[in-house]
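Geometric and topological summary
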Amino acid sequence: MSLKDYLEDHIGFLVTCFLFLMLESFLLLLLGVEISMVVMLGCVWAILFIGYFVLSFHRKEKRMKELEQMLNQLDQKYLLHEVMGSGGNSEEQFYRYLLRMGNKSMLEHVSGIERTRKDYQEYIEQWVHEIKTPIAAMKLWAENQEGKKKREAYTQLERIEHYVEQALFYARSENVEKDFCIQKMDIKEVVQEALLQCKYLCTSNGIHVDIPEESYWIRSDEKWIVFLLNQLIENAVKYRRSDIDSTLSIFIVEKDDEVELHVKDNGIGICANDIASIFEKGFTGENGRNANRHATGIGLYLCKKLCHDLGIDIDVVSSLMQGCDMILSFPSYNSVREL
């Protein structure tokens, strides 16, 4: 608070004091007091008043700086009223009371939201658990089918399982790190597991897949890396080109301090204007409007969030009608392991 602001806040009080001083001087003159004495008394009153006013200003300014310093030192700034102390004038005590009541209301509101979110998460997790039973039953039914009907049934079941895992991750996305199990693993084996879960999705859509020939060690969570790869593989299938033979190449590039896992297709690609936004929640871009009108813009958003939580970098190299190369960069654990 500046002195100017303080003066503006107390302008009414200052005008009242000035009028009182003028009235007092006028009454003293009427009573026959010498004008020199009246002037002297006026100066004394003015000096005392100005001194008190300046002292009050500096006291308030000092207290405001103390409170600002307290606030800056707090991690949870909404607890300021708890460290202000019980002293201070009546005005400060009133503001402390208002802060306490406001924070209490805020905490009750946040607690209600957290309970609602927890209930939603528990419902989704229970739903995922329950939905796996009919999926397993449908797989048994599909096993008894033959030819094209069997492939189509398994393809749709694979997609359902991917969407179920996506819903589970989305529900847990705020604290998914509690489910992490970081361990040493072989990228090639993880890629093979992901492709096994997308086997019918790729074969029924005529996707030729190339997989890594060498094995590389990394440290991460196998379950969630498979989930990541499933999302990227399904995107490659969704946005394939119908005028050429579709291929999906998954290969590894080893660098000095990291290992890059590339998931590269020869599909319709991504236009230059959309590349910067593809990891944003709900963004579907030109491909979502034209090639796949059922796109939700959730898959790559979840991939980006999961990569951030796992400490992995994800990037994309693409141009329209020239395919798409999704790159996962892992911190290097060891160099090539001989097969």
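Residues numbered from 1 in each chain as written. Predicted model: local features only at pLDDT ≥ 70, side-chain atom pairs only at ≥ 80, totals over all residues. Heavy atoms only, no water.

Focus on the nonpolar core
Grouped together as the largest cluster of nonpolar side chains are 47 residues, with contacts concentrated most on Ile187, Ile225, Leu229, Leu261, Met326 and Leu328. It is helix 9 (residues 222–238) that contributes the most residues to this core, ten residues altogether. Not counting the four nearest positions on each side in its chain, Leu229 is found in contact with Val190, Val191, Ala194, Leu261, Val263 and Leu328. In terms of nonpolar packing, the next biggest core, distinct from the first, is built from eleven residues, Val128, Ile135, Ala142 and Tyr200 among them. (Core = buried A, V, L, I, M, F, W, Y, C linked by side-chain atoms within 4.5 Å. Buried < 20%, exposed > 50% of the residue type's maximum accessible area, 1.4 Å probe, protein only. Helix = DSSP H or I, 4+ residues; strand = E, 2+ residues; numbered from the N terminus. Contact = heavy atoms within 4.5 Å.)

Some points on helix 3 (residues 35–73)
Here helix 3 contains 39 residues, and its C-alpha end-to-end distance of 57 Å stays within 8% of the 57 Å for a straight helix at 1.5 Å per residue. For helix 3, the full list of buried residues reads Val38, Gly42, Phe53, Ser56, Phe57 and Leu67. (Expected span 1.5 Å × (residues − 1).)

Examining the sheet that holds strand 5 (residues 258–265)
With mixed pairing, five strands are arranged side by side in an open sheet as 2-4-5-7-6. Two strands close off the open sheet at either side, each with one partner strand: strand 2 (208–210) and strand 6 (313–318). Across this sheet, the average inter-strand angle for adjacent strands is 15°, counted without regard to direction. (Pairing = 2+ DSSP bridges. Axes fitted to C-alpha atoms, helices over the stretch in contact; angles between N-to-C directions.)

As for the confidence of the model for the chain
As a note on interpretation, predicted positions should not be read in detail where pLDDT is low. Model confidence for the chain is summarised by a mean pLDDT of 83, while 93% of its residues fall at 70 or above. Ranking the elements of the chain by mean pLDDT puts strand 8 (residues 336–337) last, at 42, and strand 6 first, at 94. Every residue in residues 335–339 is under pLDDT 50, and counting partners more than four places away or in other chains gives twelve contacts. (pLDDT = per-residue confidence, 0-100.)

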